[in-house]
Amino acid sequence: MQLCGNHIISVEQFNRDFITELFDIAELMRPYANRQKINKVLDGAILGNMFFEPSTRTRVSFGCAFNLLGGFVRETVGFGGTSIAKGESLYDTAKVMSGYSDVIVMRHPEVGSVKEFATASRVPVINGGDGPNEHPSQALLDLFTIQNELTQQQLTLDELKITMVGDLKHGRTVHSLSKLLSHYQNIDFCFVAPEALQLPTSILDQIANAGHRISQTEKLDQGLSHGQVVYQTRIQEERFATREEADKYRGAFRINQHTYAQFCQPTSVIMHPLPRDSRSDANELDNDLNENPHLAIFRQSDNGVLVRMALFAKILGVEKTFQNYELPVTWKNNRQN
């Protein structure tokens, strides 16, 4: 699959061969992400980071990934700091911002907004999340993490048993990851959510049509005992009409060390796209899991940099040459990995 110069709007664009190739490139990015080497292959290139919804990991890791390849980052955060607040259209904004950038990452609260923006952009656009719809780069880093965690257990993505827990209706990371996993063989999905927050029927149909097994339940213990990987999500409060409506579900599926020991398989990998809601009325993943070696949430967030570096390399056509632009680190590296 050729990605150079193309937009990344949906995981529907990816096939298994592309994913394998991308993950191989991501592994080669570790020395730069770990500050063992410097890379300047994108020296002079500019990333336009446009985030109209709150973000920590996606916004910062995209910027970090671009910087680690030698590029520069210019950021816009929120509607109030842009001319969209004055009535400017996405079309006009795209025409302007793509004149200042070599690639753009965009997050927007409305479904289809990034695709609309991309039609007017003069440079490649990456979807950083469009409302409750999709989050393709998060799905890639999630899949990359699952693959790495399974490899340590001498397992592969084929035949995976995965449990997804929480707000599956509004959780765009779950939507995109489910679609990506459909490229693999004999996946066994268990979806744990209240009936009103279950995965959209269209995605369930897509998984079923690809020949995978599906079970749905509202019982957390059943889901935990099922999964080699347990993927927890938060209640997407911002997608509900009122906070009171979201509060009906908050804290319904808490996982702590006690529930892990009681119901999970001994080596079950615990994942979460973050942020985990640690407020007392939610507490989705308890802090007492922090020392559990199978809690992968911070390895997951670190992997976001690797995968996003690989995406930039592919989009800007340097995936075969970036190793020619290495330099030694010139400061004392005190990182703890």
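Above this text is the structure in question.
This report concerns the structure included in the present document. All of these numbers come straight from a predicted model, not from anything done at the bench. (Residues numbered from 1 in each chain as written. Predicted model: local features only at pLDDT ≥ 70, side-chain atom pairs only at ≥ 80, totals over all residues. Heavy atoms only, no water.)

Side note on the overall build of the protein chain
Line of reasoning, step 1. If you tally the helices and strands in the protein chain, you get twelve helices and eleven strands.
Line of reasoning, step 2. Radius of gyration (C-alpha) of the protein chain: 20 Å, near the 20 Å computed for a compact globule of 337 residues.
Line of reasoning, step 3. Buried residues in the protein chain amount to 54% of all 337 residues.
Line of reasoning, step 4. Of the contacts made within the protein chain by residues no fewer than 6 positions apart, 76% connect residues no fewer than 24 positions apart.
Line of reasoning, step 5. For the protein chain, the accessible surface area stands at approximately 14,700 Å², while carbon and sulfur atoms represent 47% of it.
Line of reasoning, step 6. The average position of the 33 basic charges and that of the 39 acidic charges among the side chains of the protein chain differ by 5 Å. (Helix = DSSP H or I, 4+ residues; strand = E, 2+ residues; numbered from the N terminus. Rg over C-alpha atoms; globule rule 2.2 N^0.38 Å. Buried < 20%, exposed > 50% of the residue type's maximum accessible area, 1.4 Å probe, protein only. Contact = heavy atoms within 4.5 Å. Areas by Shrake-Rupley, 256 points an atom, 1.4 Å probe, with all protein chains shown as cover. Lys, Arg positive; Asp, Glu negative; His and termini not counted. Charge placed at Lys NZ, Arg CZ, Asp CG, Glu CD.)

Comments concerning unusual backbone geometry
Glycine aside, residues mostly have negative phi, and peptide bonds are mostly found in the trans state.
Line of reasoning, step 1. In this structure, the amide linkage connecting L274 to the following residue, P275, adopts the cis form with an omega of 5°.
Line of reasoning, step 2. Phi at Q154 takes a positive value of approximately 60°, unusual for a residue other than glycine.
Line of reasoning, step 3. Residue placement: Q154 occurs in the loop between α6 (136-151) and β6 (161-165).
Line of reasoning, step 4. Judged by its relative accessible area of 69%, Q154 is exposed.

Re the sheet that holds strand β8 (residues 213-217)
Line of reasoning, step 1. A sheet is described by the order of its strands in space; here five strands give the open sequence β8-β7-β6-β9-β10, paired in parallel fashion. Only two strands of the sheet have a single partner each, and these edge strands are β8 and β10 (269-271). Direction aside, the axes of adjacent strands within the sheet are offset by 15° on average.
Line of reasoning, step 2. Summarising the sheet, β6 and strand β7 (residues 188-192) pair through five bridges and their orientation is parallel. Following the sheet pairing, K161 is matched in β7 by D188.
Line of reasoning, step 3. Its contacts with the sheet place helix α7 (residues 172-181) against β6, β7 and β9 (229-232), and it is angled at close to 165° to β6. (Pairing = 2+ DSSP bridges. Axes fitted to C-alpha atoms, helices over the stretch in contact; angles between N-to-C directions.)

Brief notes about the packing of aromatic side chains
Line of reasoning, step 1. In total, this model carries six aromatic pairs according to the counting rule given.
Line of reasoning, step 2. Here the aromatic rings of F14 and F18 are separated by 5.0 Å at their centres, their planes lie at 15°, and the arrangement is stacked. Just as F14 is buried, F18 falls in that class too.
Line of reasoning, step 3. A ring pair is formed by Y32 and F322, whose centres lie 6.2 Å apart and whose planes are at 80°; its orientation type is edge-to-face. Of this pair, Y32 sits in helix α2 (residues 30-33) while F322 sits in the loop between α12 (297-315) and β11 (326-328), and the two are 290 residues apart along the sequence. F322 matches Y32 in its accessibility class, with the two residues each being buried.
Line of reasoning, step 4. Members of the aromatic cluster, each reached through a chain of ring pairs, are F62, F66 and F312. (Phe/Tyr/Trp six-rings, centres within 6.5 Å; stacked < 30°, edge-to-face > 60°.)

Details of the nonpolar core
Line of reasoning, step 1. By size, the foremost hydrophobic cluster in this structure holds 73 residues, and its most contacted members are I162, M164 and F312.
Line of reasoning, step 2. For this core, the element with the most residues is α12, which contributes nine residues.
Line of reasoning, step 3. Core analysis: the next-biggest nonpolar cluster, separate from the first, contains 16 residues, C190, I255, C264 and L295 among them. (Core = buried A, V, L, I, M, F, W, Y, C linked by side-chain atoms within 4.5 Å.)

Regarding the side chain of T259
Line of reasoning, step 1. Looking at the secondary structure, you find T259 in helix α11 (residues 257-263).
Line of reasoning, step 2. You can call T259 buried: its relative accessible area is 14%.
Line of reasoning, step 3. Beyond its immediate chain neighbours, meaning those up to four positions away, T259 contacts L224, R254 and C264.

Observations regarding the pairing of strand β4 (residues 103-108)
Line of reasoning, step 1. Burial runs high along β4: six of the six residues are buried.
Line of reasoning, step 2. Burial of the side chains of β4 extends over both faces: V103, V105 and R107 are buried on one face and I104, M106 and H108 on the other.
Line of reasoning, step 3. Taken together, the four bridges between β4 and strand β5 (residues 125-130) define a ladder with parallel strand orientation. In the sheet register, V105 faces β5, and the bridge partner there is I126.
Line of reasoning, step 4. The β-α-β motif built from β4, the intervening helix α5 (residues 113-120) and the parallel element β5 has right-handed crossover chirality. (Right-handed = clockwise from strand over helix to strand, strands pointing away.)

Geometric values such as these leave the question of function open.
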